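# Descriptive analysis of the structure
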Amino acid sequence: MTDTKPTVAFLGLGLMGARQARRLIEAGWPLVLWNRSRERAEALAPLGARVAGSAAAAAAEAEIVITMLENGPIVEDVVFAQGVAGAMRPGAVLIDMSSIKPAEAQDHAARLAEKGIAYLDAPVSGGTVGAEEGTLAIMVGGDETVFDRIARVFAPMGRATRVGPHGAGQLAKLANQIIVGVTIGAVAEALMLAARGGADPAKVREALRGGFAESRVLDLHGARMVERDFTTKGRSVTHLKDLDNALDAAERLGLAATPFTAATADLFRGLLANAGDLDHSGLLVELERRNPAN
């Protein structure tokens, strides 16, 4: 029996989205693409995808619409102001893989439900490497029956886990970003301390491997710090947006003290103001700026 896959509209082809869309195309999913800069969509057309002239036109052709956009206000604009929701058929599913506020995800879910459209919030972790290799961690919030019905669309992109109702996927992503951001800061501070005292940071990182300090952040981001390669693989401006969203969610949930998140957000703010949008391992640069050599 032929495995008939429904048409997917993929909206947003930035650093992550373009790689995710490519994975879906290579897995045989029929894709209709839209991006604000049309050339990004046209770059994938030779692989077999179709390019739509607008986000709404792409959505009108699809049973599943995936958005991978920069932030909540942009998702709001594309889905509602630009007519995606109005163009989608009743019974279709919108999967928002952007990182937005949990409250925004819940609002979008409610508004789409009024139109008979199912919704899943499904932000990801794993960066451009994970998107390229199809190994993203995908955190999904929404109805379990909807998730089960369309779960196979996630497979080419990574490992999807439903973590709760609408908004829960975004909460999981914020938890991820807190852990990653705080750990990047800790690794940067530790290597700076070692270097200032005369130890070789590369050897210190090597010595720590396999002990309790071992982590993927020490492995990948620690290597970038040692090599001083801050070419953007994970944008600092995006990480700061996620930490600010986490602080907003904490306030809404009545949490009075989230000091690690607040301190890490402050470091990212300083990095962006003084060095620009480096890779998030560039927190080392901001810590060094705050600790000038005597």
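Once a new chain begins, its residue numbering starts again from 1 and follows that chain's sequence as written. The predicted origin of the model limits local features to residues at a pLDDT of at least 70 and limits the giving and counting of side-chain atom pairs to 80 or more, whereas totals for whole chains, interfaces and linings rest on all residues. The basis for every side-chain value is the complete set of heavy atoms in the structure, and neither hydrogens nor water enter the calculation.

### As for the pairing of strand 5 (residues 93-96)
Put simply, the rule reads: Whether a residue is buried, partly exposed or exposed follows from its accessible area with a 1.4 Å probe, protein chains only, as a fraction of its type maximum: under 20%, in between, or over 50%, in that order. Secondary structure is summarised from DSSP: a helix means a run of H or I of at least four residues, a strand means a run of E of at least two, and numbering begins at the N terminus for each. Note on pairing: DSSP must find at least two bridges between two strands before they are called paired. If you view a crossover with the strands going away from you and the path from the first strand over the helix to the second runs clockwise, you call it right-handed.
Alternating residues of strand 5 divide into Val93 and Ile95 and Leu94 and Asp96, and every residue in both groups is buried. One ladder, built from 4 bridges, connects strand 4 (residues 64-67) with strand 5; its direction is parallel. From the neighbouring strand, Thr67 faces strand 5, where its bridge partner is Asp96. Alignment of strand 5 against strand 6 (residues 118-121), held across 4 bridges, turns out to be parallel. Its bridge partner lying in strand 6, Val93 is registered against Ala118. Each parallel crossover has a hand, and for strand 5 linked through helix 6 (residues 102-113) to strand 6 it is right-handed.

### A few points about helix 12 (residues 236-252)
Put simply, the rule reads: Expected helix span is computed as 1.5 Å times (number of residues minus one). The contact criterion used throughout is that any non-hydrogen atoms of two residues lie within 4.5 Å.
The terminal C-alpha atoms of helix 12, which comprises 17 residues, lie 24 Å apart, in line with the 24 Å expected from a rise of 1.5 Å per residue. Among the residues of helix 12, those classed as buried are Ser236, His239, Leu240, Lys241, Asp242, Leu243, Asn245, Ala246, Ala249 and Ala250. Among the structural elements, helix 6, helix 9 (168-196) and helix 13 (259-274) are those in contact with the buried residues of helix 12. Remark: Gly254 follows helix 12 within two positions and exhibits a positive phi of approximately 80 degrees.

### What about the packing of aromatic side chains?
Here a ring pair, both rings aromatic, is described through the centre-centre distance and the interplanar angle of the planes. Formally: The rule is short: rings of Phe, Tyr and Trp, with Trp giving its six-membered ring, pair when the centres are within 6.5 Å, and they are stacked under 30 degrees, edge-to-face over 60, tilted in between. Geometrically, a charge over a ring is one whose NZ (Lys) or CZ (Arg) sits within 6 Å of the ring centre while staying within 35 degrees of the ring normal.
One pass over the full model with this rule turns up 1 aromatic pair. Stacked on the ring of Trp29, the Lys or Arg Lys5 has its end atom at 5.9 Å from the ring centre. Sitting over the face of the ring of Phe80, Arg111 holds its NZ or CZ atom 3.8 Å from the ring centroid.

### Details of the UniProt feature "active site" (unreviewed entry) in the protein
Selection rule: UniProt positions are given in the numbering used here, feature names are shortened, and annotations may be inferred rather than shown by experiment.
Taking the numbering used here, the UniProt-annotated feature "active site" (unreviewed entry) corresponds to Lys173. By the element assignment, Lys173 lies in helix 9. The class of Lys173 is buried, set by a relative accessible area of 7%. In this view, Lys173 contacts Ser99, Pro123, Val124, Met139 and Asp242; residues no more than four positions away in its chain are not counted.

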